[in-house]
Amino acid sequence: MSDLLEVLPDFDLKAYIHLLHSLEKNDITVADLISLDPIEIARRCPLPAADVQRLVLDVVAALQEDVQTRADKRWPFNSRWPHQATISIDEVTHTACPDDEARVSTLVPDIDHALGGGLVPGHIIEVVGESAVGKTQFVLGMLLSAQLPPPRGLGKGSIYVSTEAPLNTARLKQMLISHPEYERLDPADRPSLDYVHAIGTNDLEAQEHILRYQLPVAIQRLNIGLIVLDSVAANFRAEHESRTAAGLAERATALGKLGLTLRRVAIENNAVVVVTNQVSDRFDEVRSILRSSSPANSSPSMSTANPTSTVAELRRETQSLDHQQRFFTGWGDDRDEQRNQLKNPALGLAWANQISARIVLKMESERQEYLGGNIWKDKKKARTLRVVFAPWGIVSVVEDELHGEAQGPPDGKHTELLDEEFWPTDEDEEFP
Amino acid sequence: MAVPPVIDLTLSQPAQARQAPSFHRLPTVSASEALQELQDGNSRSVSTGLTSLDRLLSGAGGTSSGGLERGKITELWGPAGAGKSAIAIQSAVNALKEGSTVVWVDCATALSDQRIQEGITTLAPKDSHGASNGLLAEFKHVTAATLSHLLAIVLYPPPNFMPSGIGLLVVDDLNVLMDLDYPRYQFAVSSKTEQQKWQASRRYAVLSSLVSGLNKLAVIKGLAVVVITGCSTRMRPDTGLGAALVPGIGGVEWDGGVWNRLVVFRDFSGRFVGVQKCQGRSLISREEVGEIGRVVGFEVADDGTLRERQASRLADDAAAQVKPRASPVKPRKRVFDEVADSESEDVDEYGWAETDEDAIAAEGLIEGAQAATTSTEPG
């Protein structure tokens, strides 16, 4: 019952203290308490059945009350139970739908359009890409745009939680000075570095403590609307093993808890949580069916190479992880993409289940231009941004090609945020 | 004659009975009323928005009206971004259009209100603005913060939790909530104490209670239940194929309690939804992990409505796709009859029998010597 504090922080336990020790000793969680027959609980940890019964009913009532309160807080125009009040049409039309309110613009017009206006509060959004592709750059822009007044921003401050390199304030200042979005605002309305807060965390334990205990307090006190965690994979890779099954299972549990913490922060404070993630290479194995294997070895299903079994196998293959991950990782759903360029976001399916949306930044491989004689010139790398999935709208694939060269006056498609001056250079201490 | 739905009463929890006796009283209907209802053509199911899918779900016999049947649970699973929520939203809008109420329970990712509104404005009759808002008021959106919260409202439904006109209940992202409280692999596989074994079995026991509770709600209130889950992976070492995606929620009791199971996934040619189980019968065998069943292709428009695509391109695409090939099946390391059983060994490996002929002749002299010469002479 130790999780009762987390599930129902306000539950009054005075009448049931004598039950707690025994329940705890037998590892009865709150979910066990509700789903098991009270008689069985009473038998398992020797306790008076009537008391357990009463505890169950009280806990259930408290949980139902909790669900009701949360629903009321978020959607005030919902019909309330238990009183089946009829809602007048006026009441409904006057209440603004929460989604009409602010979103955080990414300052990239195509991505904003793909997201329906920007990032929605109450969700975890992942920004994933290879190293030095510009993830940090991209989220730094959001630290400022969150301060813009609605609907482009939230009108609130932002927090940057870093696990690798500290916040690059020089770059932020540069952005503030030269970005066209901010240039045309009055100095009084412009975002300011005063409202960007940063904290660094180097290990998983500190990270957990900061996110669970210090972050909610800071959000309330400093009126924060956007939290950036850069990056989520760094501490996990250092401390969790990913090669044994037991290690993976442990990591999956830890990721689940992290996801829950971040979701709670996002929902309860109506904030946007942006998380950056690293990638690992994807190995698309060339596997071969051993058709010519000796009769003793081949199992009946593989012995004959008739067309129907091939089709059946191909149908089965559509559900294989290798194939399906082309469509939810952001790499691989374009047939032209070369096999050696495919990447996987780190931390696997366990983390992918926790996020609401994923934005992928990709870099083309290096190209060289032949200039004549013996001279090759490195062509500027093209970077693309894409929304892989998002819960607030089905996104047809929208790619925004980011050109490296400075474009001069923005032509409406590419903002100068993506100007090459702002790209990370070697002087920056970005994690390679 | 109308056949009343089969009701499962196996799980009766004494606690519940004590708490709310009215909950267990089944709605009694006289035969003439039942016949009247049948003749009125009251819809017994909620349409998914894709006619082929509705038809596939009605099964071979065509006895039911297809779509998401009331009184039953339909499971929608698939990877992120495949289109599960899109189908569920479409079904919710269809239910609202019919005049039913919809309850949507968020377990992890919050449903975007905008999507529901868009769905209503596009599909609802184009009268006044007020009518759409009236429909929106019939859509009840609730969040279950933990598994305990979800269990509290499903196993012990509060009185008036579901108004009488309810047609559809959607539970979104159930696997995230389950994995938090009862992770799949809790302990190291090797030694487990009695207590740990009990804890490991709790996941499936809770899933069993949950599916029974949902079925009971579905039958008694006459509503269709949709459970949306994500994926996890399962290795397929026997066939030599790689890992496959499987539903995040499994187990014998859960699978048994689900009436329809649909897999939603994407492929190069677009989105697909496959029917893996319908009318309570599984269309794929248990061993064929990764089999998708009959498929319907669909696409989602910008405003959220679903449209069918000429499906079954999946098979045609097979030729165009990179052909995945399985890695070689590893032969068994030990063939059963390889283990030498000296009783039946035909070949005398070391030739002892030959050299020991003198010894054998003398054997009879030794008391107690067993003359069981097990190796026969080489032929």
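Quick caveat: nothing in here was measured; it's all calculated off a predicted structure. (Residues numbered from 1 in each chain as written. Chains lettered and ligands numbered in written order. Predicted model: local features only at pLDDT ≥ 70, side-chain atom pairs only at ≥ 80, totals over all residues. Heavy atoms only, no water.)

Focus: the overall build of chain A
Then, number 1: When its secondary structure is counted, chain A shows 17 helices and twelve strands.
Then, number 2: Out of the 432 residues in chain A, the part that is buried amounts to 50%.
Then, number 3: Once local pairs closer than 6 in sequence are excluded, the contacts in chain A between residues at least 24 apart make up 68%. (Helix = DSSP H or I, 4+ residues; strand = E, 2+ residues; numbered from the N terminus. Buried < 20%, exposed > 50% of the residue type's maximum accessible area, 1.4 Å probe, protein only. Contact = heavy atoms within 4.5 Å.)

Structural notes on the overall build of chain B
Then, number 1: In terms of helices and strands, chain B carries 13 helices and 14 strands.
Then, number 2: Out of the 379 residues in chain B, the part that is buried amounts to 50%.

Digging into the confidence of the model for chain B
Residue and element names in this part refer to chain B.
Then, number 1: Confidence in the prediction of chain B, expressed as mean pLDDT, is 73, and 62% of residues score 70 or more.
Then, number 2: Considering only residues more than four positions removed or in separate chains, one finds that residues 11-22, a stretch of pLDDT under 50, has 18 contacts.
Then, number 3: The low-confidence segment residues 363-379 (pLDDT under 50) makes ten contacts with residues lying over four places distant or belonging to another chain.
Then, number 4: Reported confidence for the predicted complex is 0.78 by ipTM and 0.76 by pTM. (pLDDT = per-residue confidence, 0-100.)

Description of helix H4 (residues 84-97) of chain B
Residues and elements named next belong to chain B.
Then, number 1: If you check H4, its first and last C-alpha atoms are 20 Å apart, about what 14 residues at 1.5 Å a residue would give, namely 20 Å.
Then, number 2: Burial runs high along H4: twelve of the 14 residues are buried.
Then, number 3: One or two steps after H4, the chain reaches Gly 99, where phi turns positive at roughly 100 degrees. (Expected span 1.5 Å × (residues − 1).)

Considering the pairing of strand S4 (residues 101-106) of chain B
In summary, the side chains of a regular strand alternate between the two faces of the sheet.
Residue and element names in this part refer to chain B.
Then, number 1: With six of six residues buried, S4 lies mostly within the body of the structure.
Then, number 2: Burial along S4 is two-sided: Thr 101, Val 103 and Val 105 facing one way and Val 102, Trp 104 and Asp 106 facing the other are all buried.
Then, number 3: Where S4 and strand S6 (residues 166-172) come together, six bridges link them in parallel fashion. Within S6, the position partnered with Val 102 by the bridge is Leu 168. (Pairing = 2+ DSSP bridges.)

Quick word on the nonpolar core
Then, number 1: Judged by nonpolar contacts, the single largest core of 62 residues is most densely connected at A:Leu23, B:Leu147, B:Leu150, B:Leu169, B:Leu174 and B:Trp254.
Then, number 2: With near-sequence residues (within four places) excluded, B:Trp254 lies in contact with B:Glu75, B:Leu174, B:Leu207, B:Leu210, B:Val211, B:Val227, B:Ile249 and B:Arg261.
Then, number 3: A:Leu255, A:Leu258, A:Ala266 and A:Phe328 belong to the second-largest nonpolar core, a separate cluster that totals 43 residues. (Core = buried A, V, L, I, M, F, W, Y, C linked by side-chain atoms within 4.5 Å.)

Structural notes on unusual backbone geometry
Residue and element names in this part refer to chain A.
Then, number 1: The omega torsion across Asp 230 and Ser 231 is -10 degrees, close enough to zero to call that bond cis.
Then, number 2: Positionally, Ser 231 belongs in the loop between strand S4 (224-230) and helix H12 (233-239).
Then, number 3: Of note, Leu 107 is a non-glycine position whose phi angle comes to about 70 degrees, a positive value.
Then, number 4: You can call Leu 107 buried: its relative accessible area is 4%.

Side note on helix H2 (residues 17-25) of chain A
Residues and elements named next belong to chain A.
Then, number 1: Here H2 has its buried residues at Leu 19, Ser 22 and Leu 23. Buried residues of H2, viewed axially, fall in a sector of 100 degrees; they line one side. Across from the buried face of H2, at angles greater than 90 degrees, the exposed residues are Ile 17, His 21 and Lys 25.
Then, number 2: Residues of H2 that are buried make contact with helix H4 (38-44) and helix H5 (49-74). (Arc of directions from axis to C-beta.)

Notes on empty space enclosed by the protein
Then, number 1: Following the criterion strictly, the structure yields nine cavities of 30 Å³ or more and no others.
Then, number 2: Put simply, the largest cavity is a space of about 520 Å³.
Then, number 3: Contributing to the lining of the largest cavity are 35 residues, with A:Phe389, B:Ala80, B:Gly81, B:Lys84 and B:Ser85 lying nearest its centre.
Then, number 4: Only helix H17 (348-352) and strand S11 (383-389) of chain A together with H4 and helix H8 (174-181) of chain B provide two or more residues apiece to the lining of the largest cavity.
Then, number 5: Class assignment of the residues belonging to the lining of the largest cavity gives a composition of 18 nonpolar, eleven polar and six charged. (1 Å grid on protein atoms, 1.4 Å probe; cavity = no way out; pocket = protein on both sides within 12 Å on 5 of 7 lines; lining within 4 Å. Points joined across faces, edges and corners; volume = space filled by probe spheres on them. Nonpolar A, V, L, I, M, F, W, Y, C, P; charged D, E, K, R; others polar.)

A few points about the pattern of salt bridges
Then, number 1: All chains considered together, the criterion is met by 14 salt bridges over all chains.
Then, number 2: Members of the salt-bridge network, linked through shared partners, are A:Glu6, A:Glu208 and A:Arg212. (Salt bridge = Lys/Arg side-chain N within 4 Å of Asp/Glu carboxyl O.)

Considering the confidence of the model for chain A
Residue and element names in this part refer to chain A.
Then, number 1: In the predicted model, chain A carries a mean pLDDT of 76, and 75% of its residues have values of at least 70.
Then, number 2: Within the model, pLDDT remains below 50 along residues 286-308, and this stretch shows 32 contacts once partners closer than five positions in the same chain are excluded.
Then, number 3: Note that residues 402-432 has pLDDT below 50 and, in this model, 59 contacts with residues that lie over four places away or in other chains.

Some words on the side chain of B:Ser232
Then, number 1: Its location among the elements puts B:Ser232 in strand S8 (residues 231-234).
Then, number 2: With near-sequence residues (within four places) excluded, B:Ser232 lies in contact with A:Leu349, B:Arg184, B:Ala244, B:Leu245, B:Val246, B:Pro247 and B:Gly248.

Considerations on the packing of helix H11 (residues 204-222) of chain A against helix H13 (residues 245-268) of chain A
Residue and element names in this part refer to chain A.
Then, number 1: Two numbers describe how H11 lies on H13: the axes approach to 11 Å, and their chain directions differ by 5 degrees. Between H11 and H13, the crossing angle belongs to the class labelled roughly parallel. Residue-level inspection shows Gln 207, Leu 211, Arg 212, Leu 215, Pro 216 and Ile 219 of H11 in contact with H13, the latter providing Leu 258, Thr 261, Leu 262 and Val 265.
Then, number 2: A per-class count over the contact of H11 with H13 returns seven nonpolar, two polar and one charged. (Axes fitted to C-alpha atoms, helices over the stretch in contact; angles between N-to-C directions. Parallel < 35°, antiparallel > 145°, perpendicular 65-115°, else oblique.)

Focus on the packing of H5(A) against helix H7 (residues 147-155) of chain B
Then, number 1: For the pair H5(A) and H7(B), interaxial distance at closest approach is 9 Å and the crossing angle is 100 degrees. Classified by the interaxial angle, the pair formed by H5(A) and H7(B) is roughly perpendicular. Residues A:Val60, A:Leu63, A:Gln64, A:Asp66 and A:Val67 of H5(A) touch H7(B), and the partners they reach there are B:Ser148, B:His149, B:Ala152 and B:Ile153.
Then, number 2: The residue makeup of the contact of H5(A) with H7(B), split by class, is five nonpolar, three polar and one charged.

Some details on the packing of aromatic side chains
Residue and element names in this part refer to chain B.
Then, number 1: For the structure shown, the criterion picks out three aromatic pairs over all chains.
Then, number 2: Ring plane angle 45 degrees and centroid distance 6.3 Å describe the contact between Trp 104 and Phe 139, whose orientation is recorded as tilted. One end of the pair, Trp 104, is in strand S4; the other, Phe 139, is in strand S5 (residues 139-143), and 35 residues separate them in sequence.
Then, number 3: Residue class for Phe 139 comes out buried when judged on its relative accessible area of 5%.
Then, number 4: Seen in terms of ring centroids, Phe 265 and Phe 272 are 5.7 Å apart; in terms of plane orientation they differ by 20 degrees. Their pairing is stacked.
Then, number 5: Residue classification places Phe 265 among the buried positions, given a relative accessible area of 0%.
Then, number 6: Over the ring of Trp 259 we find Lys 72; its NZ or CZ atom is 4.3 Å from the centre of that ring. (Phe/Tyr/Trp six-rings, centres within 6.5 Å; stacked < 30°, edge-to-face > 60°. Lys NZ or Arg CZ within 6 Å of the ring centre and 35° of its normal.)

What to know about the environment of B:Leu56
Residue and element names in this part refer to chain B.
Then, number 1: Of note, Leu 56 is situated in helix H3 (residues 51-57).
Then, number 2: Along the sequence, Leu 56 and Gln 279 sit 223 residues apart, while their C-alpha atoms lie 9.8 Å from each other.
Then, number 3: With near-sequence residues (within four places) excluded, Leu 56 lies in contact with Val 275, Cys 278, Arg 294 and Val 296.

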